[in-house]
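# Coordinate analysis (summary)
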Amino acid sequence: MSTHFMPKKGLLTIFAALITATSIPAFAQSSSAWPTKPIKIVVGYSAGGATDVLTRLVSVGMGNTLGQSIVVENRPGANSNVGAEIVARSAADGYTLYAFSIANTINATLYPNLSYDPIKDFEPVGMIAKIPNILVVNPSLPVKTVADYVRYAKDSKDGVTFASSGSGSSIHLSGEMFKMQAKIQMLHIPYKGSAPAVTDLLGGQVESMFDNAPSALPHIKAGKLRPIAVTSAQRSPFLPDVPTIAESGYPGFDVQSWFALVAPAGTPKPIVLQLNAALNKALNSPEVKQRMQELAATPEPGTPEKMATFEASEVKRWREVVKASGAKAE
């Protein structure tokens, strides 16, 4: 039996060919074949809230487009910071995403020792939706307009009371921003969640609230709360006769709760773009548009770059309001 030896040059040629034929196509294939397993979206709040509902709403359509199931996992705690940190420390492979919101841009200032950076530790995927807040009062209050509200606050000894779902929440800081612009006395009454705050507002223990539209609308329709103004730049189609705060003498006032998707920093751009395309497709579907309308939400399809610009502006904006208000993390 004879043994044949291949020349050294021949071995090198085959080795080089193997690298070209296997390593490079494998790398290319890994990005083009993504995703090959289910994707997880972490929500930093309990099930049933606006962030959770909107995330689950778009996850179905996204999963259909990407050809993989998308699992929504609730990891509440520390005003959504628990969930955010989990995703910030996850592998940057597109399989773990985070439901980013206005709270995260507020937390950047509210929590002095935050364990993650809301800007640097995430890759923006895209916006989901915006929801306006509504300035509502107990019907027993002699207030029907923003001008009435300001007058009432100035005439009251301690100013008008306003409830919120917690110190540093968008509901709280909507009130603080208005207080700064109107230069009036307002007494903040924080609660542990929106539900108990609304309960006391209905009972007359507090006088007003800048509540999220989905929470306030049922009570407005039932005549149990009086809407004074909406906090968005444009009037709400759900309350077309209710003016905006901006048109009531405070131009430029525009505060809305907003929701978005992000991936861990370093997630490959092709994967981010695939996720963005799937998200935008879901937002443009008739079913999602209809459900969002029922939730008083406006879909916000767009690019990762547009979200990055918006996100940075929100961090700056809320830094000024948090510092001026003296709000502290609970």
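Just above sits the structure.
The structure presented is a predicted model; accordingly, all values stated were derived computationally and were not measured. (Residues numbered from 1 in each chain as written. Predicted model: local features only at pLDDT ≥ 70, side-chain atom pairs only at ≥ 80, totals over all residues. Heavy atoms only, no water.)

## Focus on the overall build of the protein
What counts is decided by this rule: Numbering goes from the N terminus for both helices and strands, where a helix is a DSSP run of H or I of at least four residues and a strand is a run of E of at least two. To sort residues, take the accessible area from a 1.4 Å probe on protein chains only and compare it with the maximum for the residue type: under 20% means buried, over 50% means exposed, and anything in between is partly exposed. We call two residues contacting when some pair of their heavy atoms lies within 4.5 Å. Values of accessible area rely on a 1.4 Å probe in the Shrake-Rupley scheme; residue burial ignores everything except the protein chains shown. None of His or the chain ends enter the tally, which takes Lys and Arg as positive and Asp and Glu as negative. A charge is said to be at NZ when it belongs to Lys, at CZ for Arg, at CG for Asp and at CD for Glu.
Along the backbone of the protein there are 11 helices and 10 strands. Its C-alpha atoms give the protein principal-axis dimensions of about 110 × 40 × 30 Å. Taking all 330 residues of the protein together, 47% fall into the buried category. Taking all contacts inside the protein whose residues are at least 6 apart in sequence as the whole, residues at least 24 apart take part in 76%. Surface exposure of the protein reaches about 15,500 Å², of which carbon and sulfur atoms provide 58%. Once the 30 positive and 25 negative side-chain charges of the protein are each reduced to a mean point, those two points are 4 Å apart.

## Remarks on the pairing of strand E3 (residues 96-101)
This is how the line gets drawn: Whether two strands pair comes down to DSSP finding at least two bridges between them.
Here E3 lies mainly inside the structure; six of its six residues are buried. Residues Thr96, Tyr98 and Phe100 line one face of E3 and the alternating positions Leu97, Ala99 and Ser101 line the opposite face, and both faces are buried. Relative to E3, strand E1 (residues 39-43) runs parallel, the two being bridged by three bridges. Bridging from a neighbouring strand, valine 42 pairs with tyrosine 98 of E3. Two strands pair when backbone bridges link them, and E3 and strand E9 (residues 256-264) are joined in this way by four bridges, in the antiparallel orientation. Counted as the bridge partner of serine 101 is phenylalanine 259 from E9.

## Details of the packing of aromatic side chains
Formally: What counts as a ring pair is set by centres within 6.5 Å for rings of Phe, Tyr and Trp (its six-membered ring), and what kind of pair is set by the plane angle: stacked under 30 degrees, edge-to-face over 60, tilted for all other angles. Counted as over-ring charges are cases with an Arg CZ or a Lys NZ within 6 Å of the ring centre that also lie within 35 degrees of the ring normal.
For the coordinates displayed, the defined rule picks out 12 aromatic pairs. Relative to phenylalanine 253, the ring of phenylalanine 178 has its centre 6.3 Å away and its plane inclined at 75 degrees; by these criteria the two rings are edge-to-face. Here phenylalanine 253 lies in the loop between strand E8 (226-230) and E9 and phenylalanine 178 lies in helix H6 (residues 170-182), a separation of 75 residues in the sequence. Feature note: the residues Tyr98, Phe100, Tyr116, Phe122, Trp258 and Phe310 constitute an aromatic cluster, connected by ring pairs. The ring of tyrosine 95 carries the charged tip of lysine 37 above its face, separated from the ring centre by 4.7 Å.

## Brief notes about the packing of helix H4 (residues 102-110) against helix H11 (residues 304-325)
What counts is decided by this rule: Helix axes are fitted only over the stretch in contact, all axes being lines through C-alpha atoms; the angle between N-to-C directions runs from 0 to 180 degrees. For classification purposes, an angle smaller than 35 degrees is called roughly parallel, one larger than 145 roughly antiparallel, one from 65 to 115 roughly perpendicular, and anything else oblique. Crossings are assigned a handedness: left-handed for a near helix turned anticlockwise from the far helix by less than a right angle, right-handed for a clockwise turn. Residue type decides the class: Asp, Glu, Lys and Arg count as charged, Ala, Val, Leu, Ile, Met, Phe, Trp, Tyr, Cys and Pro as nonpolar, and the leftover types, Gly among them, as polar.
Interaxial distance between H4 and H11 falls to 8 Å at its minimum, and their mutual angle equals 50 degrees. Looking at the two axes, H4 sits oblique to H11. Crossing of H4 over H11 shows right-handed handedness. Here Ile102, Thr105, Ile106, Ala108, Thr109 and Leu110 of H4 come into contact with H11, specifically with Glu311, Glu314, Val315, Trp318, Arg319, Val322 and Lys323. In terms of residue class, the contact of H4 with H11 is built from seven nonpolar, two polar and four charged.

## A closer look at the environment of alanine 312
Residue placement: alanine 312 occurs in helix H11. Given the relative accessible area of 39%, alanine 312 is considered partly exposed. Sequence separation between alanine 312 and threonine 105 is 207 residues; the distance between their C-alpha atoms is 8.1 Å.

## Considering the layout of surface pockets
The criterion, for reference: Space inside and on the surface of the protein is sampled on a 1 Å grid over the protein atoms alone, with a cavity defined as a set of points where a 1.4 Å probe fits but cannot get out and a pocket as an open set with protein on both sides within 12 Å along at least 5 of 7 lines; lining residues have an atom within 4 Å of a point. Grid points are joined across faces, edges and corners, and a volume is the space filled by probe spheres set on the points.
Here the largest pocket is characterised by a volume of approximately 1,100 Å³. Tyr45, Ser165, Gly193, Ser194 and Asn212 are the residues nearest the centre of the largest pocket, which is lined by 43 residues in total. When residues of the lining of the largest pocket are traced back to their parent elements, those giving at least two are helix H2 (50-66), H4, H6, helix H7 (194-203), strand E7 (208-212), helix H8 (213-221) and E9. The calculated volume of the second largest pocket comes to roughly 260 Å³. The residue makeup of the lining of the second largest pocket, split by class, is six nonpolar, six polar and four charged.

## Let's talk about the nonpolar core
Filter applied, for reference: To define a nonpolar core, start from buried Ala, Val, Leu, Ile, Met, Phe, Trp, Tyr and Cys residues and group those joined through side-chain atoms within 4.5 Å.
Leu54, Met62, Ile128, Ile134 and Met292 are the most contacted members of the largest nonpolar core, which has 50 residues in total. The residues touching isoleucine 128, leaving out its near neighbours within four places in the chain, are Leu54, Val58, Phe259, Ala260, Leu261, Leu279, Leu283, Met292, Thr298, Pro299 and Glu300.

## Section: the packing of H2 against helix H9 (residues 269-283)
For the pair H2 and H9, the least separation of the axes is 8 Å and the interaxial angle reads 125 degrees. Classed by the angle they form, the pair H2 and H9 counts as oblique. Seen from above, H2 lies across H9 with right-handed handedness. Residues Val58, Gly61, Met62, Thr65 and Leu66 of H2 touch H9, and the partners they reach there are Gln274, Leu275, Ala278, Leu279, Lys281, Ala282 and Leu283. Considering only residue class, the contact of H2 with H9 consists of eight nonpolar, three polar and one charged.

## Considerations on helix H3 (residues 81-88)
Filter applied, for reference: Throughout, the arc means the angular range of directions from the helix axis out to the C-beta atoms.
Within H3, burial applies to Asn81, Gly83, Ala84, Val87 and Ala88. Axial view of H3: buried residues confined to an arc of 160 degrees, hence all on one face.

## Observations regarding the side chain of threonine 244
By the element assignment, threonine 244 lies in the loop between E8 and E9. Apart from the residues lying within four places of it in its own chain, the contact partners of threonine 244 are Ala229, Val230, Ser232, Ala233, Gln234 and Arg235.

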